[in-house]
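Each chain is listed here by its residues.
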Amino acid sequence: MISNQKIVSMNNELLDSQHQDIFEISIKLSLMNHRHINSKELKEVLKELLVMLNRHFSDEEAFMREINYPFIKEHMKIHRSIIFEIEEIIVREARTIHVLTEKLDLVVRDFIINHTSKEDSKITKYYEKKLKNLI
Ligand SMILES: [Fe+2]
Ligand SMILES: [Fe+2]
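Residues numbered from 1 in each chain as written. Chains lettered and ligands numbered in written order. Predicted model: local features only at pLDDT ≥ 70, side-chain atom pairs only at ≥ 80, totals over all residues.

Visitor: Any details on the overall build of the protein? Residues and values, ideally.
Guide: Along its length, the protein carries four helices and zero strands. Considered along the principal axes of its C-alpha atoms, the protein spans approximately 55 × 25 × 20 Å. (Helix = DSSP H or I, 4+ residues; strand = E, 2+ residues; numbered from the N terminus.)

Visitor: Describe helix H1 (residues 13–32), with residues and values.
Guide: Taking 1.5 Å per residue as the helical rise, H1 with its 20 residues ought to reach 28 Å, and the 29 Å between its terminal C-alpha atoms agrees with that figure. Burial in H1 covers these residues: His-19, Ile-22, Phe-23, Ile-25, Ser-26, Leu-29 and Met-32. Looking at the buried positions of H1, the neighbouring elements they touch are helix H2 (39–66) and helix H4 (97–131). (Expected span 1.5 Å × (residues − 1). Buried ≥ 20, exposed ≤ 12 C-beta atoms within 10 Å, placed from the backbone. Contact = placed C-beta atoms within 7 Å.)

Visitor: So what's going on with the environment of Met-10? Residues and values would help.
Guide: Among the secondary structure elements, Met-10 is positioned in the segment before H1. What Met-10 contacts, discounting residues up to four positions off in sequence, is Leu-15, Asp-16, Asp-120, Ile-123 and Thr-124.

Visitor: Could you give an account of H4, naming the residues involved and the relevant values?
Guide: At His-115, H4 shows its maximal bend, which comes to roughly 50°. Buried residues belonging to H4 abut H1, H2 and helix H3 (72–92). Residue Asn-133 follows H4 closely and has a positive phi angle near 60°. (Bend = angle between axes of the 7 residues up to and from the residue.)

Structure follows, in structure tokens:
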């Protein structure tokens, strides 16, 4: 299991708390891999995950627009591909619940660790420079 210390802060309360919520969902998913779950329970977590991700992405995109982040298009493309990848897994692995939860767990974990530290942190760095009038 991963620790939330790996989530890089964006110095933005809303976006940071959403990253934290998505992290909590990744914990739920990895716990689901180790026990029997019913499809109703799974559906609820999937819904929660997609609602949370879509909300976070649209709030983060609004923030990028607000600060005139120059690489917004590229960043939005990555967001879309994450949602697409998740939807693909849900459709492809619908019959095997443990494969589904395992694969989703990997994607969500990758999002939490890599996307936030490599991509979201670029937004933060740009914003910090802007605040210091360096841009
Ligand atoms: Fe992002
Ligand atoms: Fe993010």
